[in-house]
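Coordinates in review
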Amino acid sequence: MKHRTRRRSGLLRATGRFALLAASAVLLAGTFTSPARAATITVCASGCDYTTIQAAVDAAATGDTISVAAGTYTGNVTIGKAVTLEGAKAGVPAGPGASPAGRSTASPYTGESVVDGELRIDPVSPGTVVIDGFALVKSDSPVFMNGSLSTTIRNNIIIANGAAYGSGSGIKKQSSASNATYVVQHNWFKGGLYGIQINEDTAGSSWLVDGNYATTMNRFVQTFASMRATATYSNNRIVDVVKGIRLAESYAGTVVAFNTIDASRPSGYAIQIGRAHV
């Protein structure tokens, strides 16, 4: 009987240990949670999560992707968080060719996700905003960048003012940034005063302007004296402009290389840095 009692006691002790281990496992499972996964939010005229881009941006969390179907979306959009906006032509280059394959560069921009308004990037949180695969059309500046949120603008048709050599800028960068990265790549620019206007940026930030096509404007790139960021302007095709690339000053780390520039209009020149031009 004693032998049986010892066996029974050993079984009870073992059973207790297993119960404790099981309880610990449950507690541990409750302690660790999976990291939140980025969501994809859809926008279209009907049958999607939202019918306007602004409503989708407002609902999105940092890191989310907003997928916008082909069609015309009227109204300004303010982006204050690090999200990715993908149009119907995301991933399809719009530059540096004059007639990019698979893209529509004239009204009604068939097959494109058309934003008839201003995209205003006005950050309240860190991260990177990505704008990919849209036709951005507005009477003044289709893209207005303010503050320090890093931004990538790629594969877009960007029409400023709808008139050759008119007013406005395709992309306008207003206030200074700190340690931000800006990429403007494989876009198709037309019209307005400037393709890219950089009013101000601080040392520590960087720009890459690469592989774009620009036509019928006063200047493709215009920087002003408050521009202190490093910049590379490369592999762009710039045609039928008064001035190609105009930099108020040159700072260490500025590179201008492998661009094709036709600045044959009266008083035109390809590149100007400070008071010197070619």
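Residues numbered from 1 in each chain as written. Predicted model: local features only at pLDDT ≥ 70, side-chain atom pairs only at ≥ 80, totals over all residues. Heavy atoms only, no water.

**Observations regarding the overall build of the chain**
Applicable threshold: For helices the rule is a DSSP run of H or I covering at least 4 residues; for strands it is a run of E covering at least 2, with both sets numbered from the N terminus onward. Accessibility here uses a 1.4 Å probe with only protein chains present; expressed as a share of the type maximum, an area under 20% marks a residue as buried, one over 50% as exposed, and anything in between as partly exposed. In what follows, residue pairs with any heavy atoms lying within 4.5 Å of each other are defined as contacts. Method for areas: the Shrake-Rupley scheme with a 1.4 Å probe, in which residue coverage is limited to the protein chains shown.
Per the secondary structure count, the chain includes two helices and 24 strands. Within the chain, the fraction of its 278 residues that count as buried is 45%. A separation threshold of at least 6 residues defines the contact pool for the chain, and within that pool the share at least 24 residues apart is 64%. When the accessible surface of the chain is totalled, it reaches about 13200 Å², and 55% of it is carbon and sulfur.

**Digging into the nonpolar core**
Note the cut-off: What is meant by a nonpolar core is a set of buried Ala, Val, Leu, Ile, Met, Phe, Trp, Tyr and Cys residues, joined one to another through side-chain atoms within 4.5 Å.
Counting 49 residues, the largest nonpolar core has Ile53, Ile66, Ile196 and Trp207 as its most contacted members. Counting residues per element, this core draws most heavily on strand β18 (residues 213-227), which supplies five residues. Contacts of Ile53, omitting those with residues within four sequence positions, involve Val43, Val68, Tyr73, Val77, Leu85, Val115 and Phe134. Residues Tyr109, Val137, Ile157 and Val239 belong to the second largest nonpolar core, which totals 10 residues.

**Thoughts on unusual backbone geometry**
That bond from Gly95 to Pro96 is cis: its omega, 10°, falls within 30 degrees of zero. With respect to the secondary-structure elements, Pro96 resides in the loop between β5 (84-86) and β6 (113-116). A cis geometry characterises the amide bond from Ser107 onward to Pro108, with omega recorded as 15°. Residue His186 is not a glycine yet carries a positive backbone phi of 60°. Assignment of secondary structure puts His186 in the loop between β14 (181-185) and β15 (188-190).

**Section: the sheet that holds strand β1 (residues 40-43)**
Applied cut-off: Note on pairing: DSSP must find at least two bridges between two strands before they are called paired. Fitted lines through C-alpha atoms give the axes, limited to the stretch in contact for helices. The angle between two N-to-C directions lies from 0 to 180 degrees.
Strand order in this open sheet of nine strands is β1-β2-β5-β8-β11-β14-β17-β19-β21, and the pairing throughout is parallel. Both outer strands of the open sheet, β1 and β21 (255-257), are each paired with one neighbouring strand and no more. Averaged over all pairs of adjacent strands, the angle between strand axes in this sheet comes to 10°, irrespective of strand direction.

**Examining the environment of Ser107**
If you trace the backbone, Ser107 turns up in the loop between β5 and β6. Ser107 gets classed as exposed once you look at its relative accessible area, which sits at 62%.

**Thoughts on the packing of aromatic side chains**
For any two aromatic rings, the description comes down to two numbers: the centre-to-centre distance and the angle of the planes. As a reminder of what qualifies: Ring geometry is summarised as follows: Phe, Tyr and Trp rings, the Trp one being its six-membered ring, pair when their centres sit within 6.5 Å, and such pairs are stacked at plane angles under 30 degrees, edge-to-face over 60 and tilted between the two.
Counted under the stated rule, the structure contains four aromatic pairs. Ring geometry for Trp188 against Tyr213: centres 5.6 Å apart, planes inclined by 25°, an arrangement best described as stacked. With a gap of 25 residues between them, Trp188 in strand β15 and Tyr213 in strand β18 connect regions that are remote in the sequence. For the pair Trp188 and Tyr213, one class covers both residues: buried.

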